[in-house]
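# Remarks on the overall topology
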Amino acid sequence: MDFELSDEQKDVQKAAREFAEGEFDPDLALELDQKGKFPESIWKKAAQLGFIGIHYPEEFGGQGLGFFENLLVIEAFCRVDSGIGSALSSVDLGSEVILVNRNAIMYQKWE
Amino acid sequence: MFYELSDEQKEFQKKVREIYEREVSPLVEEYESKETFPVQLFRILGAEHLLCLRCPKEYGGPGLDKISECISMEELNRICAGIGSGIMVQGGLATDPLLHYGSEDLKQKYLPSAAQGEKIGAFALTEPDAGSDASGIRTTAIRQGNGYRLNGMKTFITNGTICDFVTVAAYTNPERRGTGINLFVVNREDPGFSVIKKLEKLGNYSSDTAELAFDDCYVPKERMIGEREGGGLGQLEETLKSGRLTYGARSTGVGQVTFDTILSYIKGTQRHGQPLARSQAIRFMMAEMAMSLEAMRYMTYRGAWLFDRGLATMKDASIVKLFCTESLQRIVQKAMAIQKNIGLMMENPIQRFLRDARLFKIPEGTSEIQHLVIARELGL
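Residues numbered from 1 in each chain as written. Chains lettered and ligands numbered in written order. Predicted model: local features only at pLDDT ≥ 70, side-chain atom pairs only at ≥ 80, totals over all residues. Heavy atoms only, no water.

## Concerning the overall build of chain A
Helix and strand content of chain A: seven helices and zero strands. For chain A, the proportion of its 111 residues judged to be buried stands at 35%. Of the contacts made within chain A by residues no fewer than 6 positions apart, 61% connect residues no fewer than 24 positions apart. Total accessible area on chain A stands at roughly 7100 Å², and carbon and sulfur atoms take up 51% of it. For chain A, the separation between the mean place of its 10 positive charges and that of its 21 negative charges on side chains is 5 Å. (Helix = DSSP H or I, 4+ residues; strand = E, 2+ residues; numbered from the N terminus. Buried < 20%, exposed > 50% of the residue type's maximum accessible area, 1.4 Å probe, protein only. Contact = heavy atoms within 4.5 Å. Areas by Shrake-Rupley, 256 points an atom, 1.4 Å probe, with all protein chains shown as cover. Lys, Arg positive; Asp, Glu negative; His and termini not counted. Charge placed at Lys NZ, Arg CZ, Asp CG, Glu CD.)

Structural data, given as structure tokens:
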């Protein structure tokens, strides 16, 4: 048993926290929430920095980390703003289905 | 992070499960109904190195860690919480203060025989008028010649009628409320020590509980734990932390056996011409029970893991005890709700699990005290 985060996991957590605290502007968050809009610019930045699909293999553009690290990112994001955090954590759901079933025919089609 | 038991720990779990099923299971019915502790178990489990698990090899113990102790306690309480109670005290409250603060002589004299089950230990802090407020005890230990004379009464003492020695808290300086307390080791044969009566309880029938008296009981100063007068309550800090974590393991054990019992009942039962398992109400209750058990187990073993690294705070330990003992109440209540009249019958085990579970909310800090401890450590 080992209940401690590894150094790499601590780094991921710290980076995700810093990103959320720096980028999730409270006024913007409120505006997005009221208008029901997707945080497009933040999403793109998060993707560029590797937070989106962090658990995807590198060959598919991810960071090759675990689902655990993905959870650390989601927790850190939602701690700052649950609306933006939820939006960013669900953008990869569709592609995750393809990833999980990548040996099936779907994969061939979307490759 | 790595949440799984290591291969070595799994092997240990398998071993203790086999031993408890072989040695303890056949005794449960008889000793629960007699309301006595099967004292022969001390020798048997001593020979298997399952008493005093954290006691180092140099003092006759196996020198294992808190995680191992929790594994052992979960498995033992899965079989019988009453018997689990007596065994827990032996390796916890009765011997922990000795292990941490006792002189070399005291350790050599008491620990190997406790670890091997040759001597049974008890721990006496609670009094008729002082439980949660430990500093309110009235037992005194007044210096006389080369020792101390103890006077006072202790109650709700596990292993009280069967013990060979008892670790007792008493005021060496009654003027210094809270800080003037010391712990002493009293032998059964010491003149002035007596068992007033055996107590009957709601749960943990097979554990032995008693009221004790110390009437001008003389104890040589070598049997005081620690060298200086005062500070005895502070010596209990680590012991209480450890004990509260053990309650996480005990609760998980009783919760698991309750869950297993009720699951097999559901699978084998039809009501109104339908399998019970098809009822949505039953499925909801089982899902809740399964969820609680998972959380209890992870929380307990994380607490033990922290303890083994010297990182566990009293807040961690109190959170484990409070969460696990309270979650257990909901598990046993649901099991009773599912089994209904059958669960109430003394011939079936659910009533025992419910009684045993209720008891867990009280010793080593009631649920109410745990709330206060947690809040205090939050800086409130």
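## Here's the deal with the overall build of chain B
Of regular secondary structure, chain B possesses 13 helices and 10 strands. For chain B, the C-alpha radius of gyration of 21 Å lies close to 21 Å, the compact-globule estimate for 380 residues. With respect to the three principal axes, the spread of C-alpha positions in chain B is 80 × 45 × 40 Å. Of the contacts formed within chain B by residues at least 6 apart in sequence, a portion of 76% connects residues at least 24 apart. For chain B, the accessible surface area stands at approximately 16400 Å², while carbon and sulfur atoms represent 52% of it. Once the 47 positive and 49 negative side-chain charges of chain B are each reduced to a mean point, those two points are 4 Å apart. (Rg over C-alpha atoms; globule rule 2.2 N^0.38 Å.)

## Digging into helix α4 (residues 66-79) of chain B
Given a rise of 1.5 Å per residue, 14 residues ought to cover 20 Å, and the 20 Å separating the end C-alpha atoms of α4(B) matches this to within 8%. Counted residue by residue, α4(B) has 14 buried out of 14 residues, so it is predominantly covered. (Expected span 1.5 Å × (residues − 1).)

## Focus on the layout of surface pockets
All names here are of chain B. Of the pockets and cavities examined, the largest pocket occupies roughly 1300 Å³. Residue lining of the largest pocket: 43 residues in total, with T126, I362, P363, E364 and G365 positioned closest to the centre. Breaking the lining of the largest pocket down by element, the ones donating at least two residues are α5 (81-91), β3 (147-158), α8 (237-267), α12 (350-360) and α13 (367-377). Counting residues per element, the lining of the largest pocket draws most heavily on α8, which supplies five residues. Taken together, the residues that form the lining of the largest pocket break down as 21 nonpolar, 13 polar and nine charged. (1 Å grid on protein atoms, 1.4 Å probe; cavity = no way out; pocket = protein on both sides within 12 Å on 5 of 7 lines; lining within 4 Å. Points joined across faces, edges and corners; volume = space filled by probe spheres on them. Nonpolar A, V, L, I, M, F, W, Y, C, P; charged D, E, K, R; others polar.)

## Brief notes about the pairing of strand β2 (residues 140-144) of chain B
Residues and elements named next belong to chain B. Bridging between β2 and β3 involves five bridges; their strand directions are antiparallel. Across the sheet, the residue bridging to A141 is L150, located in β3. What sits between the antiparallel neighbours β2 and β3 is a turn of two residues, in which G145 has the positive phi angle 60°. (Pairing = 2+ DSSP bridges.)

## Some points on the interface of chain A and chain B
Taken together, the seven residues of chain A in the interface contact 13 residues of chain B. In total, about 990 Å² of surface goes out of reach between chain A and chain B, with carbon and sulfur atoms giving 69% of it. Considering only the side of chain A, the residues that lose the most area to chain B are M1(A), D2(A) and F3(A), jointly responsible for 80% of the buried surface there. Counting across the interface, chain A meets chain B through zero salt bridges. When grouped by side-chain class, the residues that make up the side of chain A that touches chain B number four nonpolar, one polar and two charged. (Buried area = accessible area lost by both parts, 1.4 Å probe. Salt bridge = Lys/Arg side-chain N within 4 Å of Asp/Glu carboxyl O.)

## A closer look at the domain arrangement of chain B
All names here are of chain B. Parsing chain B into structural domains produces domain 1 (7-115), domain 2 (121-228) and domain 3 (233-377). The distance between the C-alpha centroids of domain 1 and domain 2 comes to 22 Å. Contact residues are listed per partner, giving 26 residues for domain 1 and 23 residues for domain 2. Our count for the domain 1 to domain 2 interface comes out at zero salt bridges. Run the count over domain 1 and domain 2 and you get nine residue pairs in polar contact (both at pLDDT 80 or more). Where the side of domain 1 that touches domain 2 is concerned, the elements lending two or more residues are α2 (25-34), α5, α6 (96-101) and α7 (104-115). The biggest single contributor to the side of domain 1 that touches domain 2 is α5, with seven residues. (Domains from an automatic or database assignment. Polar contact = N/O pair within 3.5 Å; in protein donor to acceptor, adjacent residues only side chain to side chain.)

## Focus: the pairing of β3(B)
Where β3(B) meets strand β7 (residues 209-220) of chain B, nine bridges bridge the pair, whose relative direction is antiparallel. Residue pairing across strands places R149(B) opposite Y218(B), the latter belonging to β7(B).

## Some remarks on a nonpolar patch on the surface
All names here are of chain B. The grouping of M1, Y3 and Y298 at the surface amounts to a nonpolar patch, some 270 Å² of accessible area in total. Note on placement: Y298 falls in helix α9 (residues 280-308). For Y298, a relative accessible area of 38% gives the class partly exposed. (Patch = residues over 30% accessible without salt bridge, like charges linked within 9 Å, V, L, I, M, F, W, Y side chains within 5 Å.)

## Focus on empty space enclosed by the protein
Residue and element names in this part refer to chain B. Within the structure shown, the criterion is met by five cavities of 30 Å³ or more. Size it by volume and the largest cavity reaches roughly 70 Å³. Lining the largest cavity are 13 residues, and of these M88, G92, L93, G243 and E364 sit closest to its centre. At four residues, α8 tops the list of elements feeding residues into the lining of the largest cavity. Per-class residue counts for the lining of the largest cavity are three nonpolar, five polar and five charged. Composition of the lining of the largest cavity by domain shows at least three residues from each of domain 1 (7-115) and domain 3 (233-377).

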